[in-house]
Amino acid sequence: MTGWPLLLDTLPAVQRDRLFTLADERDFPADSTLFDEGGVADRFWLIRSGEVALDVYVPGRPPQVVETLGPRQQVGWSWIFPPYRWHLGARALGPVRTWEFPAAEVRELCMADTDLGYELMLRCAALIAERLQATRLRLLDLYTPRGSVPS
Amino acid sequence: MTTVPLPYRVTAVAAENADCTSLEVMPVGRALPAFTPGRFAMMYAFGVGEVPISVSAIRDGHRLVHTVRAVGAVTGALCRLGAGDAVGLRGPYGIGWDLDGATGSDVLVVAGGIGLAPLRPAVRHVLAHPGHYGRLHVLIGARTPEDLLYRAELDHWRRASAQVEVAVDRPGPGWRGGVGVVTSLLDRVDVRPDRTTALVCGPEVMIRHTGRALLARGLPAHRVQVSLERNMRCGTGHCGHCQLGPLLLCRDGPVVGYDRTRSLLAIREL
Ligand SMILES: Cc1cc2nc3c(=O)[nH]c(=O)nc-3n(C[C@H](O)[C@H](O)[C@H](O)COP(=O)(O)OP(=O)(O)OC[C@H]3O[C@@H](n4cnc5c(N)ncnc54)[C@H](O)[C@@H]3O)c2cc1C
Ligand code: FES
């Protein structure tokens, strides 16, 4: 494992540097909101330290956390596809340090440098696939007696 | 090794969560041979029946702890026992975690649900032998925060230098820890594939996915040890109930290298 965020772990150094010229360091205090469900997905983050909770708004209840993300993980992929709206909300569970990337500029860079764009999109697709798979596994409710019944 | 249950007495009972109870037992007379982490006993609830239960702690002398989840008649009866009650035990059975083979390497423990029970003595063994092993990472998946086993002990492990990460499927109000599948916790660990031994126990689907995720991170399959469950009757390799392909898991397992089980676990109805 390297110290790089997982998204960029295996990206060639030149492409990684190019992408990082667009990044800003941005810190969030504990309990602050990165974004709300339905808001404009105009950026994404790579977590340097701290934990972020992704949540869903359920009327009459506190936001329901569906997943947490930690160091080296990526927060947000709704910026890739129109209409660029967040599917979930995101909140800092404690102090969170990130690199923040502006979505429109990243998409433009991907169009201008299609090699970089292809590599980046492959990695984003892998991330989305991984989260889909994780969600499916959780649907099985594996830890109940029925879920873990031996064959 | 005896194939006739020896009488043991329950010396302490601890409710771990809504359906799991830890029973500490002591021999009434003759004791069974020493257990090692990952091995199991056939526990006999008098008048009800007998089930395989892993050892979840091995205390000084011949005191054993078993953590039992009440899922049916026998485990239900075991969980209803109180201090002073009698229980029958035979064993130790099976092959446990290969902790000698892990000497000198980092140890990565991945546990799902009640799967933490057979892994607990392995964690304790590693912590009790500083210098023998590299870094210790313990990744735990549970259904809800309330289902988490050995909560207080996890803090001891952290204080004793283990990295302990927990993810639950369903967080309740007030839970500030991780939410997600246990495999997502692998991203939090600095896995050194060439010097890590992984010990994995949990529901079989979780074992398959964890095995794949570990291989994707570069761990060789033979450095991944998995503990598998099948229905067991004799525990001694004679009745065939616990067969998984060419393996009889009571004799050749329950801990088996992922290199031997990976293809077997991919076959349905084996
Ligand atoms: C090597 C080995 C080690 C084990 N270690 C432990 C342990 O440390 N602690 C522990 O609690 N259990 C452990 N088990 C599982 C335990 O043996 C079974 O839960 C037990 O046999 C169930 O018996 P029962 O008569 O209570 O339930 P049954 O009447 O046989 O079953 C009742 C219900 O429980 C379901 N069930 C049966 N077995 C399991 C299972 N393994 N997991 C989930 N649901 C099941 C059945 O499908 C049924 O729906 C281990 C099993 C093996 C093979
Ligand atoms: S339980 Fe009888 S052969 Fe394994």
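Predicted, not measured: the structure shown is a model, and the values here were computed from it.

(A) Here's a closer look at helix α6 (residues 258-265) of chain B. Residues and elements named next belong to chain B. Turning to α6, its buried residues number three or more, namely Tyr 258, Thr 261, Leu 264 and Leu 265. Seen along its axis, α6 keeps its buried residues to an arc of 130°; they face one direction. Turning to α6, the residues buried within the fold contact α4 (204-216), β13 (224-227), β14 (243-244), β15 (247-248) and β16 (255-257).

(B) Spatial organisation of the site of ligand 1. Residues in contact with ligand 1 amount to 22 residues; listed here are only the nearest, Pro52(B), Thr67(B), Arg69(B), Thr75(B) and Glu229(B). The environment of ligand 1 is shared, with nearby residues belonging to chains A and B. Take Pro52(B): an N or O atom from its main chain is 2.7 Å from an oxygen atom of ligand 1. Between an oxygen atom of ligand 1 and a main-chain N or O atom of Val71(B), the distance comes to 3.2 Å. The fraction of the free accessible surface of ligand 1 (890 Å²) that becomes covered by protein chains is 76%. Looking at the shell around ligand 1, the elements with two or more residues in it are β4 (49-54), β6 (64-69) and α1 (73-79) of chain B. Among the elements that line the shell around ligand 1, the one with the most residues is β4(B), at four residues. Here the shell around ligand 1 is composed, by residue class, of 14 nonpolar, five polar and three charged. Counting residues domain by domain, the shell around ligand 1 receives three or more from each of domain 1 (6-93) and domain 2 (106-265) of chain B.

(C) Here's a closer look at the pairing of strand β9 (residues 136-142) of chain B. Residues and elements named next belong to chain B. Within β9, seven of the seven residues are buried, which leaves it mostly tucked inside the rest of the structure. Residues Leu 136, Val 138, Ile 140 and Ala 142 point to one face of β9 and His 137, Leu 139 and Gly 141 to the other, with burial holding for every one of them. The pairing of strand β8 (residues 106-112) with β9 spans six bridges and is classified as parallel. Bridge pairing links Leu 108 to His 137 in β9. What joins β8 to β9 is helix α2 (residues 116-128), and the crossover it makes is right-handed. Examined bridge by bridge, β9 and strand β10 (residues 163-168) share six bridges and lie parallel to one another. What sits directly across from Val 138, in β10, is Val 164. Handedness of the crossover joining β9 and β10 through helix α3 (residues 151-159) is recorded here as right-handed.

Criteria and thresholds
- Residues numbered from 1 in each chain as written.
- Chains lettered and ligands numbered in written order.
- Predicted model: local features only at pLDDT ≥ 70, side-chain atom pairs only at ≥ 80, totals over all residues.
- Heavy atoms only, no water.
- Buried < 20%, exposed > 50% of the residue type's maximum accessible area, 1.4 Å probe, protein only.
- Helix = DSSP H or I, 4+ residues; strand = E, 2+ residues; numbered from the N terminus.
- Arc of directions from axis to C-beta.
- Contact = heavy atoms within 4.5 Å.
- Near = heavy atom within 4 Å.
- Polar contact = N/O pair within 3.5 Å; in protein donor to acceptor, adjacent residues only side chain to side chain.
- Areas by Shrake-Rupley, 256 points an atom, 1.4 Å probe, with all protein chains shown as cover.
- Nonpolar A, V, L, I, M, F, W, Y, C, P; charged D, E, K, R; others polar.
- Domains from an automatic or database assignment.
- Pairing = 2+ DSSP bridges.
- Right-handed = clockwise from strand over helix to strand, strands pointing away.

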